[in-house]
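Coordinates in review
Given next are the chains, with one letter for each unit.
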Amino acid sequence: METDQAKSFAYGELLARLRRIHVLGSVAGLLGWDEQVNLPQGAAARRGEQMALLAELAHAEGTAAGLGAVLAACEAGGAELDAEARLVVAGARRDYERATRLPTELVAEKARLSSEAYHAWAAARAARDFGAFAPFLEKHLALARREAELLGYGERPYDLAIDRHDPGLTAAQVDALFTRLRAGLVPLARRIDAAASEALARGEGPVALRGFDVEAQRRLVRAVTARLGFDYERGRLDVSLHPFCEGSGDDVRLTTRFDADQPLDALYSSIHEAGHGLYEQGLPAAYAGTVLGVAAGMAVHESQSRLWENQVARSRAFWRGLEPEFRAAFPGPLAGISGDALHAAANAVEPGGLIRVDADEVHYNLHILLRFELEKRLFAGELAVADLPAAWDDLSEELLGRRPEHAGEGVLQDVHWSGGAFGYFPSYTLGNMIAAQLWTAAQARLPGLEEDFSRGEFGRLLGWLRREVHAHGRREDAFALTRRVTGAELGPEALLAYLEQRYGG
Ligand code: ZN
């Protein structure tokens, strides 16, 4: 009896310690949100100091000997713990090992390098000069390799980079999925490109949308995201240069951006971030800070944002529901623009677009295949940093059908590598695959779903996602989650079929 009490005491202590780490992380997240939304220019140095102190405190909590002792006590009494508690302990052990095996000096070096590399990247991109950024990328790669040696990895160092964003996934698994995707997607994209180019030549390009009052846009995107189910009692929508979602549980912050001549950009980036936010609001609050209370990984996270943004909000049914409200909000700029033209504008494809963040649904995944291939070669030592721009341009021609004219629209376009965030890109396309599979499953399980959308109702879909995805936290990796929810293995077929259906005609 006494021993049982000691064991449950150890588990209670573990939860309390995880909670403190989680709270520290949430404070850092909030400061990061504030930095991008509200920060006066002159306060950057102070904010850097605040963030560094919080990171130090969180690292101290996450590597404390006391945490190690509590974990060991929980593991010694493992048989007495229920299945959920054992998952919590295993997840905490994994994080503890990762945190303690990295020397503080390396963590600090990475933070310092990321800050320097970010500024070097921004300047290099503006000057279209890869050589100015290359030394920083070299250093980041060297650090990533050292990290992999210290923490261990599966078959190759790149596995650790992938696992950091999508626990349980390996480069070989991603490679196999992307090879199958590429085989179907390249010919499909070429066919869609040809049709889009012909339409443009006939003067049938997407309609220009200009002069949309920004205040009216703000009211509209708030109303739309609230209707999707985003809870504004437990969240906010603000403005930042690059849209993002921060926070979880009862405090989820979305950001978007407004441009009078880009009303669909605000609408779709808001819906995208709201998809992330719905996931964060739907995670089980009782387990906050444990593996049962966090997202399954970046791929599943991205599946939630993409499902709402693309499968739901670019559908004809969604636009049937939205159109009267959209017209009422912007009567002037929409005069003379038909419902069909609006829906077409929401589904426009741009052949030969070189910029990932501006890419449509069809081409987006080609941008990701390119980045994955290059990261894989860099980590394997098959590609030198100095040869990266040429390799980028060659792959761009192969996949997108066009070579960049300078590094700014090629190898220097993304911020990720300046922060050493290797292995992040694949989660976008894995998320698109999972979204397409969830969509197929949702339509089969919830008949009449599209009629719901045309009435502005989304509760059945959200309820299903809450039960099947959100409530499960990180109990499973992306493969197991997809298998359980959809009954099919994670693969590119549903995405290819969806793209064919929506864009192939
Ligand atoms: Zn996203």
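Residues numbered from 1 in each chain as written. Predicted model: local features only at pLDDT ≥ 70, side-chain atom pairs only at ≥ 80, totals over all residues. Heavy atoms only, no water.

So, about the packing of helix 17 (residues 426-445) against helix 20 (residues 478-486). Taken N-terminus to C-terminus, the directions of helix 17 and helix 20 make an angle of 15°; their axes are 10 Å apart at the nearest point. Regarding the angle of helix 17 to helix 20, the classification is roughly parallel. Note on packing geometry: the crossing formed by helix 17 with helix 20 is left-handed. Where helix 17 abuts helix 20, its residues Ile434, Gln437, Leu438, Ala441 and Arg445 lie against Ala478, Thr482, Val485 and Thr486. Of the residues belonging to the contact of helix 17 with helix 20, the class tally is five nonpolar, three polar and one charged. (Axes fitted to C-alpha atoms, helices over the stretch in contact; angles between N-to-C directions. Helix = DSSP H or I, 4+ residues; strand = E, 2+ residues; numbered from the N terminus. Parallel < 35°, antiparallel > 145°, perpendicular 65-115°, else oblique. Left-handed = near helix turned anticlockwise from the far one by under 90°. Contact = heavy atoms within 4.5 Å. Nonpolar A, V, L, I, M, F, W, Y, C, P; charged D, E, K, R; others polar.)

Examined bridge by bridge, strand 2 (residues 245-248) and strand 3 (residues 251-256) share four bridges and lie antiparallel to one another. Pairing of Glu246 across the sheet is with Arg253, part of strand 3. Between strand 2 and the antiparallel strand that follows it, strand 3, lie two residues; Gly249 among them carries a positive phi value of about 60°. (Pairing = 2+ DSSP bridges.)

On to the sheet that holds strand 2. An order of 1-3-2 is seen for the three strands of this open sheet, with the pairing classed as mixed. With partners counted over all chains shown, the strands left at the sheet margins are strand 1 (235-239) and strand 2, one partner each. Sheet twist, expressed as the mean angle between neighbouring strand axes with direction ignored, is 15°. Across the face of the sheet, helix 10 (residues 263-282) comes into contact with strand 1, strand 2 and strand 3 while running at roughly 165° to strand 3.

This part takes up the packing of aromatic side chains. By the definition in use, this model includes 19 aromatic pairs. On the basis of an interplanar angle of 35° and a centroid distance of 5.8 Å, the ring pair of Tyr158 and Phe372 is categorised as tilted. Residue Tyr158 is found in helix 7 (residues 157-165), and its partner Phe372 is found in helix 15 (residues 361-380); the two are separated by 214 residues along the sequence. Relative accessible area serves as the criterion here: at 1%, Tyr158 is assigned to the buried category. Here Phe212 and Phe326 contribute two aromatic rings whose centre-to-centre distance is 6.2 Å and whose plane-to-plane angle is 35°, an arrangement assigned as tilted. Residue Phe212 is located in the loop between helix 8 (171-201) and helix 9 (214-228), and its partner Phe326 is located in helix 12 (residues 316-329); the two are separated by 114 residues in the primary sequence. Judged by its relative accessible area of 0%, Phe212 falls in the buried class. Connected via pairs of aromatic rings, a cluster forms that spans Tyr364, Trp392, Trp417, Tyr424, Phe425 and Tyr428. (Phe/Tyr/Trp six-rings, centres within 6.5 Å; stacked < 30°, edge-to-face > 60°. Buried < 20%, exposed > 50% of the residue type's maximum accessible area, 1.4 Å probe, protein only.)

For the rest of this paragraph, the subject is the coordination of the zinc ion. Bound to the zinc ion on the protein side are His272 (NE2), His276 (NE2), Glu302 (OE) and Glu302 (OE), at distances that span 2.1 to 2.7 Å. For the zinc ion, the four donor atoms in the first shell make angles of 49 to 127° at the metal, so the coordination geometry reads as irregular. One chain supplies every donor to the zinc ion, and in sequence these donors are spaced H-x3-H-x25-E. Of the two residues, His276 sits in helix 10 while Glu302 sits in helix 11 (residues 298-312), which places them 26 residues apart along the sequence. Grouping residues by exposure puts His276 and Glu302 together as buried. (Donors = N, O, S within 2.8 Å, 3.2 Å for Na, K, Ca; no water. Tetrahedral: all angles 85-135°; square planar, octahedral: opposite > 155°, others 65-115°.)

A few words now on the domain arrangement of the chain. For the chain, the assigned domains are domain 1 (4-153) and domain 2 (171-503). Put simply, the middle of domain 1 and the middle of domain 2, counted by C-alpha atoms, are 27 Å apart. Note on domain 1 versus domain 2: buried area summed over both sides is about 3,000 Å², and carbon and sulfur give 69% of it. Taken together, domain 1 and domain 2 are joined by nine residue pairs in polar contact (both at pLDDT 80 or more). (Domains from an automatic or database assignment. Buried area = accessible area lost by both parts, 1.4 Å probe. Polar contact = N/O pair within 3.5 Å; in protein donor to acceptor, adjacent residues only side chain to side chain.)

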